[in-house]
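# Descriptive structure summary
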Amino acid sequence: LAAMVGAVSKTRKDGHGTVSMVDPTPAQLGLSYAACMKTDREDGLYTTVVCTRSGEALGLVYSSKESVVAALECGRGVYYSRSRKGLWRKGDTSGHYQTLHRLDLDCDGDALRFTVTQR
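Residues numbered from 1 in each chain as written. Predicted model: local features only at pLDDT ≥ 70, side-chain atom pairs only at ≥ 80, totals over all residues. Heavy atoms only, no water.

This brings us to the nonpolar core. The biggest cluster of nonpolar side chains holds 15 residues, and the ones touching the most others in it are Met-37, Val-50, Tyr-79, Leu-112, Phe-114 and Val-116. Of all the secondary structure elements, the ones that give two or more residues to this core are strand S3 (46-51), helix H3 (65-74), strand S5 (78-81), strand S7 (98-105) and strand S8 (111-118). In this structure Val-50 touches Glu-56, Ala-57, Leu-58, Gly-59, Val-61, Tyr-79, Gln-98, Phe-114 and Val-116, once residues within four positions along its chain are discounted. (Core = buried A, V, L, I, M, F, W, Y, C linked by side-chain atoms within 4.5 Å. Buried < 20%, exposed > 50% of the residue type's maximum accessible area, 1.4 Å probe, protein only. Helix = DSSP H or I, 4+ residues; strand = E, 2+ residues; numbered from the N terminus. Contact = heavy atoms within 4.5 Å.)

Right, dumping it as structure tokens:
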């Protein structure tokens, strides 16, 4: 992880050591974001609330580090399906896609909020 972050970061000119992302790929951004997440669940998943831009809750799902990276790579709602035991790309079977606008962590880093537009 340190090598990956080092490839897309730089130290501030004033030498205080603040790191910023410089043109990260979606995968690099997703992995960096996932490094800040934590869970106490045995399955390693993260509780995820999916909502609209106006704050309307669309559902409660689960995410994995891989699904967060996949969501950032394709700009859509991608979650972890516990029943299928793999990635669930919302809309692939139903046609009801979700465009991802924002991804947030709660204050202690163990729950996510995906802000989407349902299509």
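Having seen the structure, we can now continue with the description.
This brings us to the packing of aromatic side chains. The relative placement of two aromatic rings is captured by the distance of their centres and the angle of their planes. Within the structure shown, the criterion is met by 2 aromatic pairs. An angle of 55° between the planes, with centres 5.1 Å apart, marks the rings of Tyr-79 and Phe-114 as tilted. Of this pair, Tyr-79 sits in strand S5 while Phe-114 sits in strand S8, placing them 35 residues apart in sequence. Judged by its relative accessible area of 0%, Phe-114 is buried. An aromatic cluster is built from Tyr-79, Trp-88 and Phe-114, whose rings are joined through pairwise contacts. (Phe/Tyr/Trp six-rings, centres within 6.5 Å; stacked < 30°, edge-to-face > 60°.)

Looking at the secondary structure, you find Ser-63 in strand S4 (residues 57-63). Look at Ser-63 and you get buried, because its relative accessible area is 0%. Only 2.8 Å separates the side chain of Ser-63 from the side chain of Thr-48, close enough to count as a polar contact. (Polar contact = N/O pair within 3.5 Å; in protein donor to acceptor, adjacent residues only side chain to side chain.)

Turning next to the pairing of strand S6 (residues 86-89). Where S5 meets S6, 4 bridges bridge the pair, whose relative direction is antiparallel. The residue of S6 that forms the bridge with Tyr-79 is Trp-88. Following S5, the chain reverses through 4 residues before pairing antiparallel with S6; Lys-85 in that reversal takes a positive phi of roughly 55°. (Pairing = 2+ DSSP bridges.)

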